[in-house]
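This is what each chain is made of:
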Amino acid sequence: MATMSSVSTRNDPVSTPDGTPQITHQPLQVAKRLEKFKTTIFTQMSMLAIKHGAINLGQGFPNFDGPDFVKEAAIQAIKDGKNQYARGYGVPDFNNAIAARFKKDTGLVIDPEKEVTVTSGCTEAIAATMLGLINPGDEVILFAPFYDSYEATLSMAGAKIKCITLRPPDFAVPIDELKSAISKDTRAILINTPHNPTGKMFTREELNTIASLCIENDVLVFTDEVYDKLAFEMDHISLASLPGMYERTVTMNSLGKTFSLTGWKIGWAIAPPHLTWGVRQAHSFLTFATSTPMQWAATVALCAPDSYFEELKRDYMEKKAILVQGLKDVGFKVFPSSGTYFVVVDHTPFGLENDIAFCEYLIKEVGVVAIPTSVFYLNPEDGKNLVRFTFCKDEETLRSAVERMKEKLKKK
């Protein structure tokens, strides 16, 4: 994985001959399965943004706050004394709210007690799913580019990763390549739709084909659907809702993206009981339980009227339009984004050797942060021409970033 330069050391006190403590520098120790993973690109870029006073269109967190009715529900829950450990797999009312929302979205009726597990963000749902259901040596198929925690968590589980690359301009699934990748050792396919970082939404045709392959080869599917309410060009389709798929699917989601409350870290995994067992076993020894008052507030959030989600989508479509048109005006080749709050562009018109060099230049010389996409590929070369911008910022921030790029970024 391509990374920006970093040095990892820790300071340990030792004694000199006269007894005076002295600090020495020793390399940090790390398990071999995690040796290749450095400080995440999001942390690196956010640190550089602060250092250089750059506008951060890199990391996907809003610079505006979530809705008052959800925050007030959290405050009330704290005041009402809901502050001790929650039940391991979720506050009952929240599990019920997740099941009700899933029924409304997919038509599927699930048991909130046996098929819903509340986690500390979707990242923990991903970890619990991988660690609870994947054995060392199992093959798991990913679609690159992919969210960086997938590879790290699968490495912790001892999985063998196979990668199918989605390529611009439309990032379509290469079906023949996927068919060839499936073997007798394939345990699962991991899908993220709407897709980070590209904004691609898997089409019904693609999902039907994936479903058929999974049924034919007895393969599980893990779906990361945290951007399901940010679907702009087509309706989101949950793979679990397709015929024959619920019994082999773990559907993962979270509160943070839909309600602009990423710091709350409230997520969940939905799966049939025979898969939920493994997810819960891992969850029990990862975090055991998730923030109690925030679960009560999340219950209120998931019961929001349809008008909330409609307004959310309208608001993001306006932000997207500002950024996409601005990037085109600056001179980028902008690829279509059907969902999420990300857009991927080709940076090569500006003459930098690769995505990391471009992003460093963009921060230091232009004052804007983007994310190099090479970190989202097993083979960094596949992403060296692409960078990701986010539009989960207020309109003034988006316009300011575009103006900086128009002023200081020149084609070569």
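Structure: see above.
Cut-off values and rules
- Residues numbered from 1 in each chain as written.
- Predicted model: local features only at pLDDT ≥ 70, side-chain atom pairs only at ≥ 80, totals over all residues.
- Heavy atoms only, no water.
- Helix = DSSP H or I, 4+ residues; strand = E, 2+ residues; numbered from the N terminus.
- Buried < 20%, exposed > 50% of the residue type's maximum accessible area, 1.4 Å probe, protein only.
- Lys, Arg positive; Asp, Glu negative; His and termini not counted.
- Salt bridge = Lys/Arg side-chain N within 4 Å of Asp/Glu carboxyl O.
- Contact = heavy atoms within 4.5 Å.
- Pairing = 2+ DSSP bridges.
- Axes fitted to C-alpha atoms, helices over the stretch in contact; angles between N-to-C directions.
- Expected span 1.5 Å × (residues − 1).
- Phe/Tyr/Trp six-rings, centres within 6.5 Å; stacked < 30°, edge-to-face > 60°.
- Lys NZ or Arg CZ within 6 Å of the ring centre and 35° of its normal.

Trainee: Can you walk me through the environment of Q84 in this structure?
Mentor: For Q84, the position within the fold is in the loop between α2 (68-79) and α3 (92-106). For the pair Q84 and S291, spaced 207 residues apart in sequence, the C-alpha to C-alpha distance is 8.5 Å.

Trainee: Sorry, what's going on with the side chain of K257 here?
Mentor: Among the structural elements, K257 can be located in helix α8 (residues 256-259). Although K257 is buried, it makes no salt bridge; D224 carries the closest opposite charge, 7.5 Å away. Excluding residues that lie within four positions of it along the chain, K257 makes contacts with G60, V226, Y227 and Y341.

Trainee: Got a minute to help me understand the sheet that holds strand β8 (residues 220-224) in this structure?
Mentor: In a beta sheet, neighbouring strands are held together by backbone hydrogen bonds and run either parallel or antiparallel to one another. Ordered by their spatial adjacency, 7 strands build an open sheet running β4-β10-β9-β8-β7-β5-β6, and the pairing between neighbours is mixed. If you trace the sheet from one side to the other, it starts and ends with β4 (116-119) and β6 (160-165), each paired once. For this sheet the average axis-to-axis angle between neighbouring strands, irrespective of direction, equals 20°. Pairing geometry for strand β9 (residues 249-254) and strand β10 (residues 267-270), over 4 bridges, is antiparallel. From the neighbouring strand, T251 faces β10, where its bridge partner is I270.

Trainee: Would you mind showing me how to read the sheet that holds strand β12 (residues 342-346) here?
Mentor: With antiparallel pairing, the 4 strands of this open sheet are ordered in space as β11-β12-β15-β14. Looking at the sheet topology across the chains shown, the edges are occupied by β11 (333-334) and β14 (371-372). As defined by bridge partners, β12 adjoins strand β15 (residues 386-390) across 5 bridges and the pair is classed as antiparallel. Considered in β15, the bridge of V345 is made with V387.

Trainee: I'm lost on the pattern of salt bridges in this one. Help?
Mentor: When the charged atoms of two side chains lie near each other, side chains of opposite charge can form a pair. Throughout the structure, instances matching the rule amount to 18 salt bridges. With a shortest N-O distance of 2.9 Å, K229 and D105 are connected by a salt bridge. Separated by 124 residues along the polypeptide, K229 in the loop between β8 and β9 and D105 in helix α3 bring together distant segments of the chain. What makes K229 buried here is its relative accessible area of 16%. Across the pair E381 and K384 runs a salt bridge whose closest N-O atoms are separated by 3.2 Å. Among the residues examined, K384 registers a relative accessible area of 30% and is labelled partly exposed. Through salt bridges that share partners, D65, D68 and K71 make up one connected network.

Trainee: Which parts of the structure should I look at to understand helix α9 (residues 273-286)?
Mentor: Residue pairs spaced three or four apart in an α-helix point in one direction, given the helix's 3.6 residues per turn. Along its 14 residues, α9 runs 20 Å from first to last C-alpha, staying within 8% of the 20 Å computed at 1.5 Å per residue. Every buried residue of α9 is accounted for by L275, T276, G278, V279, R280, A282 and H283. Looking at the packing, one finds that the buried side of α9 touches β4, α4 (121-133), β8, β9 and β10. Residue F288 follows α9 closely and has a positive phi angle near 65°.

Trainee: I tried to follow the packing of aromatic side chains on my own but got confused; where do I start?
Mentor: Note on aromatic pairs: each is described by the distance of the centres and the angle between the planes. Within the structure shown, the criterion is met by 20 aromatic pairs. Where F232 meets F391, the ring centres are 6.3 Å apart and the plane angle is 45°; that geometry is what we call tilted. One end of the pair, F232, is in the loop between β8 and β9; the other, F391, is in the loop between β15 and α13 (395-408), with 159 residues separating them in the sequence. On the basis of an interplanar angle of 80° and a centroid distance of 5.9 Å, the ring pair of F259 and F309 is categorised as edge-to-face. Residue F259 is located in helix α8, and its partner F309 is located in helix α11 (residues 306-330); the two are separated by 50 residues in the primary sequence. Since its relative accessible area comes to 1%, F259 is described here as buried. In textbook terms, an aromatic cluster arises when at least three aromatic residues are bridged by ring pairs, as seen for F64, Y227, F232, Y316, Y341, F342 and F391. It is K82 that lies over the ring of W296; its NZ or CZ is 4.7 Å from the centre. Over the aromatic face of Y89 sits the side chain of R280, whose NZ or CZ is 3.8 Å from the ring centroid.

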